[in-house]
Amino acid sequence: RLRLSAILVSEPDKLAGGVGFGPRVLMSQQAFRATGLIQPGSLVRWLYRVALTGGPAGAEPDLARVESFVAAAQKAFPDAGWEARTRANISPQFSRNLDRFTQFLTLVGLTALIVGGVGVANAVRGFVERKKPDFATLKSVGATGAYVFTLSLVEVMLVAVVGVALGAALGAAAPWLIVSAFGASIPFPLAPAIYPGEIVKGFLYGLAIALVFALTPLGRAHDVPVSALFRDAVEPDGRRVRARYLIAAAVAGGLLVASLFVFTTDKRLTAIYLVATLAGYALLRLVALGLMAAARRLPHPRHVGLRLAIGNIHRPGALTPAVVISLGLGLALLVSLTLIDGNIRNQLREALPGQTPSFFFVDIQSAQAKAFDDFLRAQAPDARLETVPMMRGRITRVKDERAENVSAKENAAWVLEGDRGITFAEKVPDGSRLAAGEWWPLDYKGPPLVSMEAEIADGLGLRIGDSISVNVLGRTITARIANLRTVNWRSFGINFVLVFSPNTFAGAPHTSLATVTFPRATEPARELRLLAEAARAFPAVTSVRVKDALDAANAIVAQLAVAVRGASGVALIASVLVLAGALAAGQRSRIYDSVVLKTLGATRGRLLGALVMEYALLGAATGLFAVLAGAGAAQAVVTKVMKLDFVWLWPQTLAAAGAALALTIVLGLLGTWRVLGQRPASHLRDL
């Protein structure tokens, strides 16, 4: 018996332990040995913690000294099978996932910036339209086009500096706000701090986006004629932007792209993102042009309001491109992330009764294997039992190269980190099928052979006939790859990356791993009863209920989903603001439309109905594109990257399309409500 001495609230270096499916217990080594849990072949991992000293009092040793010590230890004991971790890589898997999440946040932030850039272009275009009389006045007193352009650019960039500074201040304060609001939900301690370098980087990105998207619209200010003072409202100037401003915008865009590659750690992901963003932008533009072309070719309906709505979609100066581009990018991103999250959750919930194991029983000692098997058959006579031998080993060499020096693909790098479960078998395990090579004979007695999962082998650059070395129980075993297998990991059944020929570990101490699969419609109370009886009769055997493990994984996914949705929400909010700005920028032309139609007898109700129909058509088209584009991106990620089955989640997709429709109508009406109240007389005098 053990006496409970204290209850720990937190544990140092908890990240290094990975995901836990039950409470952890700390006890003395004397008490641990007295439990009898340590037996030959038991799954025991020993951790040695070394604190280097010799520097200034209270100061941590520099990282170079730490790495030097690790290198010396590995050189002195090259075949020990150790995994050395320092404060720089306390949990390689966590660090890699954190890097991915950081990269994802960076890409979402860039998406928000690009969407904001579209807003900058819309705002500057509206600014140029409003300032045409001022520009014409300046030209009438001798100002050159270049002077007008420079004056406008300085004004726009000064406003951009103020806006970017406010955004940087809000971003710097965000960690404190997040910790205060969601600190209890974050699975690791988060200490907010100010990072000047990152703030400066964000500041520069914001200014660069503003410059890139402002140059082309401002270029139109160069050629504003003096005649704009008199007849621009009824005879707009249709000259194109000068080549110098298009070239300047292209150069600024090139510098922005170059800075992305300088600051990013994953050049390949950044390149894919940029190509996808440019393709999405071009596709949105094509969708807008296609929508305008389709509206232009539609037969004229008898309903006057619908005829006005369709005409507004394709007329010169229509809001169609601004609405589609402004809302499409952010909404497509949100749809994609929502579907990816939903598919992951669906996969975790898809534990099929009667097929997915109900329990894993780990660390069954060889001496207890027969008794434990009889116990399971007595407690669950109608359940399916599967038992395999299991050992722990760490890959030390891949062919002739040390494991730590192997340049593995991202999907296979985890195999080289820490111990792996390994087994030996006479035949191909259930849930696996041969992809290449041949299985060894039942009575094979030759040199050690190993069967390897095909995708992992490809990620490590291994082929049939290559060798791989594994440290097991302090001994290094070198085996030749005899065949490759494809494994159905989604069955949650027993499967291993490495399966050795039985003669490899003949006579070696090992434990067994067992699964129990209850039939369909089994009551949870029965599962919990088996769990309690197994703990009482075989306290040294570790029991893992699959449902509990999936619930723990689901909780982690839920926490990550909150962060992902929060980040993508920023991009969506930016899209909404940009959409509102685009609609507001088109008020000038709307005012003249309203004035002319009212003069011809149109009522406010009829104009309002036409606007609702116009925005409804635009919102529906944008929502349809966002759903299709976002679902396509989500399907590619789920099937190609995550190797899961993609399932359409109609409630989420329909909600996204409905949100696009509602946002477009509401923001459109808010932006044009004032227009409907304009009196014709004052505007007719200005024509």
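Shown above is the structure to which this text applies.
Residues numbered from 1 in each chain as written. Predicted model: local features only at pLDDT ≥ 70, side-chain atom pairs only at ≥ 80, totals over all residues. Heavy atoms only, no water.

Visitor: Would you take a moment to explain the pattern of salt bridges for this structure?
Guide: A side chain with one charge can pair with a side chain of the opposite charge if their charged atoms come near. Tallying each qualifying case throughout the model produces eleven salt bridges. A salt bridge links Glu198 to Lys201; the nearest nitrogen and oxygen atoms lie 3.4 Å apart. Here Lys201 and Glu198 lie together in helix 5 (residues 196–219), a separation of three residues that amounts to about one turn. One salt bridge in this structure joins Asp382 and Arg526, with 2.5 Å as the shortest N-O distance. Within this pair, whereas Asp382 is found in the loop between helix 11 (369–379) and strand 2 (384–398), its partner Arg526 is found in helix 13 (residues 524–537), the two being separated by 144 residues in sequence. Beyond isolated ion pairs, a larger network of salt bridges with shared partners links Lys409, Asp458 and Arg463. (Salt bridge = Lys/Arg side-chain N within 4 Å of Asp/Glu carboxyl O. Helix = DSSP H or I, 4+ residues; strand = E, 2+ residues; numbered from the N terminus.)

Visitor: Sorry, what's going on with the packing of aromatic side chains here?
Guide: To describe a pair of aromatic rings, one takes the distance between the centres and the angle between the planes. Throughout the structure, instances matching the rule amount to eleven aromatic pairs. A centroid spacing of 5.7 Å and a plane angle of 25 degrees characterise the contact between Phe359 and Phe361, whose relative ring orientation is stacked. For the pair formed by Phe359 and Phe361, the shared burial category is buried. When the ring of Phe361 is compared with that of Phe372, the centres are 5.2 Å apart and the planes differ by 70 degrees; the resulting orientation is edge-to-face. With Phe361 in strand 1 (residues 359–365) and Phe372 in helix 11, this pair connects stretches of sequence that are eleven residues apart. (Phe/Tyr/Trp six-rings, centres within 6.5 Å; stacked < 30°, edge-to-face > 60°. Buried < 20%, exposed > 50% of the residue type's maximum accessible area, 1.4 Å probe, protein only.)

Visitor: Would you take a moment to explain the pairing of strand 2 for this structure?
Guide: In regular strands, side chains alternate between the two faces of the sheet. Taken together, the seven bridges between strand 2 and strand 10 (residues 511–517) define a ladder with antiparallel strand orientation. Across the sheet, residue Val388 finds its bridge partner in strand 10, namely Leu513. As defined by bridge partners, strand 2 adjoins strand 3 (residues 401–402) across two bridges and the pair is classed as antiparallel. Following the sheet pairing, Val398 is matched in strand 3 by Glu401. Adjacent in sequence and paired antiparallel, strand 2 and strand 3 are bridged by two residues, among which Lys399 carries a positive phi angle near 60 degrees. (Pairing = 2+ DSSP bridges.)

Visitor: Where do I start with the pairing of strand 7 (residues 467–472) in this structure?
Guide: Burial analysis of strand 7 places five of its six residues in the buried class, which makes it a mostly covered element. As paired strands, strand 2 and strand 7 are joined by five bridges and run antiparallel to one another. Its bridge partner lying in strand 7, Arg397 is registered against Ser469. In terms of strand pairing, strand 7 meets strand 8 (residues 475–487) through six bridges, oriented antiparallel. Note that in strand 8 the partner of Asn471 across the bridge is Thr476. The turn linking strand 7 back onto strand 8 is made up of two residues, and Leu473 within it adopts a positive phi angle of 55 degrees.

Visitor: Explain the environment of Val224 here, please?
Guide: Checked against the element boundaries, Val224 lands in the loop between helix 5 and helix 6 (228–231). Given a relative accessible area of 3%, Val224 falls into the buried group. Apart from the residues within four sequence positions on either side, Val224 is in contact with Lys132, Phe135, Ala136 and Lys139. (Contact = heavy atoms within 4.5 Å.)

Visitor: What's the story with the packing of helix 4 (residues 145–182) against helix 5 in this structure? I'm lost.
Guide: Viewed as axis vectors pointing N to C, helix 4 and helix 5 meet at an angle of 150 degrees, and their least axial separation amounts to 9 Å. Put simply, helix 4 runs roughly antiparallel to helix 5. Pair helix 4 / helix 5 crosses with right-handed handedness. Here Phe149, Ser152, Leu153, Val156, Met157, Ala160, Val161, Val164, Ala165, Ala168 and Ala172 of helix 4 come into contact with helix 5, specifically with Ile199, Gly202, Phe203, Gly206, Leu207, Ala210, Leu211, Ala214, Leu215, Leu218 and Gly219. Split by residue class, the contact of helix 4 with helix 5 holds 18 nonpolar, four polar and no charged. (Axes fitted to C-alpha atoms, helices over the stretch in contact; angles between N-to-C directions. Parallel < 35°, antiparallel > 145°, perpendicular 65-115°, else oblique. Left-handed = near helix turned anticlockwise from the far one by under 90°. Nonpolar A, V, L, I, M, F, W, Y, C, P; charged D, E, K, R; others polar.)

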